[in-house]
Amino acid sequence: MTSHPTMNLLEETSRPKRNVAPCVMVIFGATGDLTGRKLLPALYNLARDGQLPGHFVCVGFARREKSHETFRQEMHTAINKFSRNRPIDEELWNTFSNQIFYHQSEFHEDEGYEELAKVLHDLDTKFNTKGNRVFYLSTQPSFFPLIVEKLNKHKLIYDVDQVQDKWSRVIIEKPFGHDLSSALELQKDLTKHLNENQIYRIDHYLGKETVQNLLVFRFSNSIFESMWNNHHIDHVQITVSEEIGVGTRGRFWEEAGMLRDIVQNHMMQLLCLVAMEPPTSFKAEAIRDEKVKVMESIRPLPLHNLDDVAIRGQYGPGFIEGQEVRGYRQEDNVDPHSKVETFAALKLTIDNWRWAGVPFYLRAGKRLPKRATEISIIFKDAPGYLFNSNTQKNEPNILVIRIQPDEGISLKMNCKIPGLSNLIQPVKMDFLYGSYFGATPPEAYERLICDCMAGDNTLFAGIDEVLASWRLLTPLIQHWADESPGGFPNYPAGTWGPTAANALVAGEGRKWRLI
């Protein structure tokens with residue numbers, strides 16, 4: 001049963017405009033993949049939807065030498081390939097492209113920042129951008145402290161206690177450190193030059209429409225919030241699966257692994273939004289406080305008995321959609337004896353009143369059968385004396401929140417099959433954002449960039465959240481680094497991970513939901 005709209009709601013009702021001040025956005029690492037795939041398409045779509053400030057400029061900062069026009073042409077090609085609105089509107093592009101510039105410099109060269117200061121001053125005068133700045137660090141994390149130090153040295157970021165008439169903010173891509181100690185060190189380096197409220201740690205999952213809707217879904221629907229506890233919920237599953245391998249990111253993956261790249265940030269954020277208590281308001285501080293409480297309530301992992309709660313895997317050769325693919329150890333820039341995990345599954349326990357006795361199962365992997373990110377809420381079985389029999393056991397009710405692809409929410413319930421018998425079959429009520437509202441929701445980066453310009457850090461990760469997540473997972477990361485895994489690779493590409501991951505759930509009479 002699928003909901004159908006009576007009108008195209010996203011087109012019939014215009015999206016409210018954010019109160020966004022004029023500004024210049026400087027993208028460090030502008031020749032990298034993220035700029036063309038996500039950042040410039042996001043800015044273009046914001047311009048198309050009338051969400052950019054009236055006075056806006058984008059400056060790409062990178063080490064390669066190229067002209068403004070070359071950079072603009074590259075971004076035109078990228079937007080035409082990756083934007084959610086294609087093909088590109090050439091009339092809009094003619095105006096928008098005049099707001100795009102390129103600045104060449106090494107990240108460590110003072111001369112480059114001196115010249116950047118002059119460029120930004122000239123752009124402020126020409127475009128009336130009021131001196132406001134967003135610095136987007138789309139670089140390797142090792143450059144974060146250096147770039148911020150140089151920006152501060154050349155007075156490109158402002159002391160918020162001294163400068164009141166203009167602002168500067170810094171967006172930082174994950175990972176924020178690679179363990180607890182490095183995250184603490186990075187925070188120390190950044191806060192030498194920045195106030196905490198100037199730091200925007202971006203996690204694009206938090207910008208996805210379905211993730212944002214989690215709070216609305218939970219706290220504005222009493223039918224679900226009243227059942228959102230251990231009296232009615234048996235367990236929760238969070239899955240992030242990708243059919244792709246590591247591709248050209250072998251060198252990065254050898255340093256990161258699945259636990260650092262996906263679980264520590266994306267999945268822990270999803271878990272917190274599912275499990276948190278109602279915040280006192282929708283201000284950033286109130287929401288972050290509740291997420292931190294969840295993190296701090298998670299029972300520490302028992303390293304003496306780790307296999308009961310944590311499983312890791314690495315894909316070998318196999319088949320994806322009928323095509324033969326190579327294993328992780330055969331990928332470019334990967335150690336042929338690598339022990340880095342491409343799959344991780346965890347069982348987490350939240351020790352508080354709401355969730356006592358409700359396990360949270362997390363799994364994330366590459367080279368799994370399909371691409372999907374979803375949260376499954378599995379409700380407890382109804383008393384079985386009426387309809388359960390020796391030949392048939394009723395399926396549990398399951399609420400599924402799909403993050404990607406096909407963002408939406410579905411509810412599985414049991415219904416009687418038409419006819420003279422009392423046979424029962426599960427059916428699904430399905431809500432799709434695209435089908436109901438009649439338009440593609442904004443991309444995550446569109447929402448998050450716009451929020452940063454508006455000074456709203458609600459959907460950005462706070463330092464307390466980041467450190468709490470690292471505090472939980474760093475012992476596991478260290479344990480896995482010290483203990484050499486036996487049997488890697490331990491799952492063929494195109495399967496749902498190592499068999500031990502099934503045992504993680506099946507040991508308590510449960511099973512992973514089929515996606």
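Peer 1: Mind laying out the sheet that holds strand S4 (residues 133-137), listing which residues take part and the relevant values?
Peer 2: Across the sheet, six strands lie side by side as S3-S2-S1-S4-S5-S6; this open sheet has parallel pairing. Among the strands making up the open sheet, the edge pair consists of strand S3 (100-104) and strand S6 (199-202). Each adjacent strand pair in this sheet contributes to an overall mean axis angle of 20°, direction not counted.

Peer 1: With reference to specific residues and values, describe the packing of helix H2 (residues 33-48) against helix H13 (residues 444-453).
Peer 2: Each pair of packed helices gets described by two things: the angle between the helix axes and the distance between those axes. Contact geometry for H2 and H13: axes closest at 9 Å, N-to-C directions at 65°. The orientation of H2 relative to H13 falls into the category roughly perpendicular. The element H2 and its partner H13 pack so that their crossing is right-handed. The residues of H13 that touch H2, namely those facing Leu 34, Lys 38, Leu 39, Ala 42, Leu 43, Asn 45 and Leu 46, are Tyr 445, Glu 446, Ile 449, Cys 450 and Met 453. For the contact of H2 with H13, the class distribution of residues is nine nonpolar, one polar and two charged.

Peer 1: Lay out the packing of aromatic side chains in plain terms, naming residues and giving numbers.
Peer 2: Working definition: an aromatic ring pair is given by the centre-to-centre distance plus the angle between the planes. Going through the model one piece at a time under the given rule, you end up with 20 aromatic pairs. With 6.4 Å between their ring centres and 70° between their planes, Phe 217 and Trp 228 make a pair best called edge-to-face. In this pair, Phe 217 is assigned in helix H8 (residues 209-219) and Trp 228 in the loop between helix H9 (222-225) and strand S7 (233-241), connecting sequence segments eleven residues apart. Using a relative accessible area of 9% as the deciding quantity, one classes Phe 217 as buried. Joined through ring pairs, the aromatic side chains of Phe 28, Phe 61, Phe 107, Tyr 113, Phe 135 and Phe 143 make up one cluster. Above the face of the Phe 176 ring, Arg 201 is positioned so that its terminal group lies 4.8 Å from the ring centre. The ring of Tyr 205 carries Lys 208 above its face, with NZ or CZ at 5.8 Å from the centroid.

Peer 1: Now, about the pattern of salt bridges: what can you tell me, with residues and values included?
Peer 2: Counted under the stated rule, the structure contains 25 salt bridges. Notably, a salt bridge pairs Arg 218 with Glu 225, separated by 3.5 Å at the nearest N-O pair. A relative accessible area of 0% means that Arg 218 is categorised as buried. Note that Asp 332 and Arg 326 form a salt bridge whose closest N and O atoms lie 3.5 Å from each other. Judged by its relative accessible area of 43%, Asp 332 falls in the partly exposed class. Overall, the relative accessible area of 39% leaves Arg 326 in the partly exposed class.

Peer 1: Can you explain the sheet that holds strand S8 (residues 310-313)? Please cite residues and give values.
Peer 2: Taken in spatial order, the eight strands of this open sheet run S8-S12-S13-S7-S14-S15-S16-S17, and their pairing is mixed. This sheet does not close on itself; its edge strands, each paired only once, are S8 and strand S17 (424-432). Shown here is a sheet whose adjacent strand axes are inclined to one another by a mean of 15°, direction ignored. As judged from the eight bridges shared by S7 and strand S14 (residues 372-379), these two strands associate in the antiparallel manner. Bridge pairing in S14 links Thr 239 to Glu 374.

Peer 1: Which residues make up the environment of Ala 47, and what values go with them?
Peer 2: The residue Ala 47 is located in helix H2 in this model. Here the alpha-carbon distance between Ala 47 and Gly 509, two residues 462 residues apart in the chain, equals 52 Å. Those residues in contact with Ala 47, other than ones at most four positions away along the chain, are Leu 52 and Phe 96.

Peer 1: Quick rundown of a negative patch on the surface? Include the residues and the values.
Peer 2: A cluster of like negative charges, contributed by Glu 109, Glu 111, Glu 114, Glu 115 and Asp 122, occupies part of the molecular surface. Counting through the fold element by element, Glu 111 comes out in helix H5 (residues 110-127).

Peer 1: A description of the nonpolar core should follow, citing residues and the corresponding values.
Peer 2: Counting 146 residues, the largest nonpolar core has Phe 28, Leu 43, Tyr 136, Phe 360, Ile 375 and Met 453 as the members making the most contacts within it. Ranked by residue count, the leading element in this core is helix H10 (residues 250-275), at 13 residues. Residue contacts for Tyr 136: discarding those within four places in its chain leaves Met 25, Val 26, Ile 27, Phe 28, Leu 34, Leu 39, Ile 171, Glu 173, Ile 202, Tyr 445 and Ile 449.

Peer 1: Pulling in residues and values, what's your account of the side chain of Lys 347?
Peer 2: Tracing the sequence through the fold places Lys 347 in strand S12 (residues 343-349). Lys 347 sits in the buried class, given a relative accessible area of 19%. Those residues in contact with Lys 347 that sit more than four places away from it in its chain are Leu 301, Val 309, Pro 359, Phe 360, Tyr 361, Leu 504 and Glu 508.

Peer 1: Give me the lowdown on helix H7 (residues 180-190), citing residues and values where you can.
Peer 2: Along H7, the residues classified as buried are Leu 180, Ser 182, Ala 183, Leu 186, Gln 187, Asp 189 and Leu 190. Turning to H7, the residues buried within the fold contact helix H6 (144-153), strand S5 (168-173), S6 and helix H14 (463-482).

Peer 1: So what's going on with the pairing of S4? Which residues, and what values?
Peer 2: In terms of burial, S4 is a largely internal element, five of the five residues being buried. The side-chain alternation of S4 yields two buried faces, one formed by Arg 133, Phe 135 and Leu 137 and the other by Val 134 and Tyr 136. As defined by bridge partners, strand S1 (residues 23-28) adjoins S4 across five bridges and the pair is classed as parallel. The residue bridging Val 24 from the neighbouring strand is Arg 133, located in S4. Pairing analysis gives five bridges linking S4 to S5, with the strands arranged parallel. Paired with Arg 133 across the two strands is Ser 168, which belongs to S5.

Conventions adopted
- Residues numbered from 1 in each chain as written.
- Predicted model: local features only at pLDDT ≥ 70, side-chain atom pairs only at ≥ 80, totals over all residues.
- Heavy atoms only, no water.
- Pairing = 2+ DSSP bridges.
- Helix = DSSP H or I, 4+ residues; strand = E, 2+ residues; numbered from the N terminus.
- Axes fitted to C-alpha atoms, helices over the stretch in contact; angles between N-to-C directions.
- Parallel < 35°, antiparallel > 145°, perpendicular 65-115°, else oblique.
- Left-handed = near helix turned anticlockwise from the far one by under 90°.
- Contact = heavy atoms within 4.5 Å.
- Nonpolar A, V, L, I, M, F, W, Y, C, P; charged D, E, K, R; others polar.
- Phe/Tyr/Trp six-rings, centres within 6.5 Å; stacked < 30°, edge-to-face > 60°.
- Buried < 20%, exposed > 50% of the residue type's maximum accessible area, 1.4 Å probe, protein only.
- Lys NZ or Arg CZ within 6 Å of the ring centre and 35° of its normal.
- Salt bridge = Lys/Arg side-chain N within 4 Å of Asp/Glu carboxyl O.
- Patch = residues over 30% accessible without salt bridge, like charges linked within 9 Å, V, L, I, M, F, W, Y side chains within 5 Å.
- Areas by Shrake-Rupley, 256 points an atom, 1.4 Å probe, with all protein chains shown as cover.
- Lys, Arg positive; Asp, Glu negative; His and termini not counted.
- Charge placed at Lys NZ, Arg CZ, Asp CG, Glu CD.
- Core = buried A, V, L, I, M, F, W, Y, C linked by side-chain atoms within 4.5 Å.

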